[in-house]
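Residues per chain, in single letters:
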2 protein chains.
Amino acid sequence: MSGNSTDLFERAAALFASVQEHICSALETIDQKGRFLSDQWEKDQTDGITSGGGISRVMAEGAVFEKGGVNLSKVGGSFEPALAERLGLAPVRTPFRATGVSLVIHPRNPMVPTTHANWRFIEAGGRWWFGGGSDLTPYYVFSEDAVHFHTVLRTICDQHDPSYYPRFKKWCDEYFYLPHRKEHRGIGGIFFDYLGKEGGVSFEPLLSFVRDLGFGFIDQYVPIVSRRHTLPFTDDDRKFQLLRRGRYVEFNLLYDRGTQFGLQTGGRTESILMSLPPTVCWEYNFEPKEDPRQIELMDVVRSPRDWLTER
Amino acid sequence: MSGNSTDLFERAAALFASVQEHICSALETIDQKGRFLSDQWEKDQTDGITSGGGISRVMAEGAVFEKGGVNLSKVGGSFEPALAERLGLAPVRTPFRATGVSLVIHPRNPMVPTTHANWRFIEAGGRWWFGGGSDLTPYYVFSEDAVHFHTVLRTICDQHDPSYYPRFKKWCDEYFYLPHRKEHRGIGGIFFDYLGKEGGVSFEPLLSFVRDLGFGFIDQYVPIVSRRHTLPFTDDDRKFQLLRRGRYVEFNLLYDRGTQFGLQTGGRTESILMSLPPTVCWEYNFEPKEDPRQIELMDVVRSPRDWLTER
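Computed from a predicted model, the values in this text were never measured in an experiment.

Caption draft 1: Summary view of the interface of chain A and chain B. Taken together, the contact pairs 31 residues of chain A with 31 residues of chain B. Between chain A and chain B the total buried area reaches about 2,600 Å² when both faces are included, carbon and sulfur atoms providing 57% of it. On the chain A side of the contact with chain B, Glu270, Trp282 and Tyr284 of chain A bury the most area, a combined 30% of that side's loss. Joining chain A to chain B, the criterion identifies two salt bridges. The partner of Arg181 of chain A in a salt bridge is Glu270 of chain B, and the shortest N-O contact between them spans 2.9 Å. If you list the elements that add at least two residues to the side of chain A that touches chain B, you get strand E2 (51-60), helix H6 (235-254), helix H7 (257-264), helix H8 (269-272) and strand E10 (279-281) of chain A. No other element matches the four residues that H6 of chain A contributes to the side of chain A that touches chain B. When the residues that make up the side of chain A that touches chain B are grouped by side-chain class, the tally is 15 nonpolar, seven polar and nine charged. Two strands pair when backbone bridges link them, and E10 of chain A and strand E10 (residues 279-281) of chain B are joined in this way by three bridges, in the antiparallel orientation. Paired with Val280 of chain A across the strands is Val280 of chain B, a residue of E10 of chain B.

Caption draft 2: Quick peek at the relation of the copies chain A and chain B. Note on the copies: chain A fits chain B at an RMSD of 0.0 Å, the axial shift is 0.0 Å, and the rotation between them is 180 degrees. Classification of the inter-copy transformation places it as that of a two-fold axis. Rotation axis and chain A: the residue whose C-alpha lies nearest the axis is Val280 of chain A, separated from it by 2.6 Å. Taken as a fraction of all interface residues of chain A, those also at the interface in chain B reach 100%, which identifies the copy contact as same-surface.

Caption draft 3: Highlighting the sheet that holds strand E1 (residues 37-43) of chain A. All names here are of chain A. Taken together, the seven strands give an open sheet; going across it, the order is E1-E2-E3-E4-E5-E6-E9, and neighbouring strands pair in antiparallel fashion. With one partner strand each, in any of the chains shown, E1 and strand E9 (188-195) form the two edges of the open sheet. Pairs of neighbouring strands in the sheet enclose a mean axial angle of 10 degrees, with direction left out of account. Where strand E5 (residues 114-124) and strand E6 (residues 127-137) come together, eleven bridges link them in antiparallel fashion. Within E6, the position partnered with Trp119 by the bridge is Gly132. Against the sheet, helix H5 (residues 203-228) touches strand E3 (65-79), strand E4 (94-107), E5, E6 and E9, its axis set at about 10 degrees to E6.

Caption draft 4: View of the side chain of Arg247 of chain A. All names here are of chain A. Inspection of the secondary structure assignment puts Arg247 in helix H6. There is a polar contact of 3.0 Å between the side chain of Arg247 and the side chain of Glu183. Leave out the neighbours within four places in its chain, and Arg247 touches Leu178, Arg181, Glu183 and Met298.

Caption draft 5: Quick peek at the packing of aromatic side chains. All names here are of chain A. For the structure shown, the criterion picks out 56 aromatic pairs over all chains. For the ring pair Tyr140 and Phe240, a centre distance of 5.5 Å and an interplane angle of 25 degrees mean the geometry is stacked. With Tyr140 in the loop between E6 and helix H3 (143-160) and Phe240 in helix H6, this residue pair connects regions lying 100 residues apart in the sequence. The exposure class of Tyr140 is buried, given its relative accessible area of 2%. Ring pairing ties together the aromatic residues Tyr164, Phe168, Trp171, Tyr175, Phe176, Phe191, Phe192, Phe209, Phe251 and Tyr255, which thus form one cluster. Here the guanidinium or amino end of Lys197 rests over the ring plane of Trp129, the centre of that ring lying 5.9 Å away.

About the criteria used
Residues numbered from 1 in each chain as written. Chains lettered and ligands numbered in written order. Predicted model: local features only at pLDDT ≥ 70, side-chain atom pairs only at ≥ 80, totals over all residues. Heavy atoms only, no water. Contact = heavy atoms within 4.5 Å. Buried area = accessible area lost by both parts, 1.4 Å probe. Salt bridge = Lys/Arg side-chain N within 4 Å of Asp/Glu carboxyl O. Helix = DSSP H or I, 4+ residues; strand = E, 2+ residues; numbered from the N terminus. Nonpolar A, V, L, I, M, F, W, Y, C, P; charged D, E, K, R; others polar. Pairing = 2+ DSSP bridges. Least-squares fit on C-alpha atoms with pLDDT ≥ 70 in both. Axes fitted to C-alpha atoms, helices over the stretch in contact; angles between N-to-C directions. Polar contact = N/O pair within 3.5 Å; in protein donor to acceptor, adjacent residues only side chain to side chain. Phe/Tyr/Trp six-rings, centres within 6.5 Å; stacked < 30°, edge-to-face > 60°. Buried < 20%, exposed > 50% of the residue type's maximum accessible area, 1.4 Å probe, protein only. Lys NZ or Arg CZ within 6 Å of the ring centre and 35° of its normal.

As structure tokens, this is what we get:
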């Protein structure tokens with residue numbers, strides 16, 4: 001690390017390190033039993049185009065969280081010409097640096113939603129940009145939870161730019177979609193990319209936006225965990241959770257750009273696939289037919305809702 | 001169906017229907033408890049470029065087989081120009097017909113290997129070809145089983161063309177490879193494609209080859225099941241099986257061309273994803289360190305063996 005306070009990349013990386021620490025610490029507090037172990041890794045370029053390192057923090061078999069991973073990374077490499085062109089850069093091999101924090105939390109109790117968040121900063125071809133977002137994947141729909149999650153996101157977004165929430169909410173619904181299932185992954189959240197890339201907005205307010213999102217994540221998610229994690233559940237609820245987790249695996253392996261990019265460029269496999277649930281089931285032709293809560297979940301993932309205007 | 005006995009496509013389809021019946025019937029006999037339910041489906045073209053139908057036969061919660069699917073399909077559609085070109089056809093949108101039988105069997109006992117087989121016939125651009133193969137994915141390595149599986153395959157191959165087994169065994173090792181894990185999926189088998197496409201060999205001997213493979217599959221697999229399915233196993237063996245099944249999911253969703261092609265062209269999702277195991281686990285950074293049987297499995301999937309010359 002350069003330690004140079006004017007280096008945008010290092011400033012973003014430092015923010016992400018503090019966000020990782022903040023989130024792990026807060027999740028440990030609510031879990032009480034589980035601890036995030038810390039796994040520092042470095043990778044050279046022999047396996048692919050990516051080199052760099054990071055700190056993977058993983059909780060296994062917590063009381064509340066069956067599996068949780070919060071990964072911090074700082075890597076560098078080269079975009080292939082075709083990828084550089086898709087990113088709006090000159091169509092030549094282009095060195096890049098990327099840093100970010102990425103998390104997926106799989107709770108034990110099916111009444112508690114799974115969540116994912118990621119915030120990242122990329123430098124390439126003389127440009128830089130932020131990307132990221134967070135989204136919620138419940139097994140059963142509690143409208144109150146969905147409204148809470150989106151309200152915190154909209155409040156943070158609105159403090160920075162009133163156009164952010166509506167644009168990024170829509171982007172999220174579109175991104176987390178499984179065409180082969182005609183289902184969205186969950187009840188959405190926000191997703192954004194290339195923020196700052198075309199200029200027009202400077203680094204400081206964007207870093208501030210991402211800081212608010214990173215430190216706001218616990219406010220989005222933990223109140224939901226608190227009111228659901230002691231609810232009773234049945235074997236049938238657990239089975240439904242394991243089957244729905246199958247969709248999570250399908251999305252991440254078939255469509256998620258971060259996963260595919262990471263694996264194809266020789267990223268660190270265990271850190272990338274940390275997002276996969278601890279236990280998953282698949283059953284041929286499963287479709288909930290009787291339980292109204294399961295039918296409602298299917299309805300919600302098939303038709304995204306605008307949680308903040310439908311109350 | 002035309003019923004015309006000179007229609008190559010219909011003759012291949014009829015063979016695959018009889019292979020499906022033969023395999024389901026033999027697997028039911030050894031399972032004793034489980035039955036293959038039959039699910040006939042048809043799909044129109046509104047969802048994608050594929051239309052057609054098939055019969056999915058699925059066993060769930062058998063005594064020996066935790067999940068098994070044997071899928072018969074007859075579909076048609078159009079190859080995109082880019083795909084037609086990759087297949088060595090003129091680079092224009094090209095109508096195709098495809099028929100095949102595809103199976104994946106996930107046994108309950110970790111001492112019994114998972115197996116996959118597929119045989120297919122494709123007609124497009126005035127050409128036709130056969131493809132397919134079968135392979136074995138054990139959780140623990142019994143050399144005797146691997147040698148048996150490959151011996152039956154080599155015997156069938158040698159009766160048709162002495163070059164088949166060595167070429168198709170190598171092709172199988174190369175195809176069922178997970179680059180992000182640096183692991184092969186199992187102990188291999190055979191894999192072939194485009195057989196007949198470049199001419200030089202007529203339909204009859206190739207249909208006969210595929211018939212021998214299809215009807216020989218039970219001889220390859222069932223003797224292995226018979227001698228392993230009553231072996232005792234521990235919770236740790238079961239855990240290892242569930243973790244290794246994770247690799248199966250990773251291969252099928254990240255790399256398998258049939259799965260990706262099927263999902264992208266609007267094939268029937270439930271029939272395509274029938275291959276996914278019933279229950280699967282992922283654990284961060286799992287690597288067997290103590291159990292010599294688990295270490296041997298890792299060694300075998302990292303370095304494919306030539307089972308028929310190393311005895």
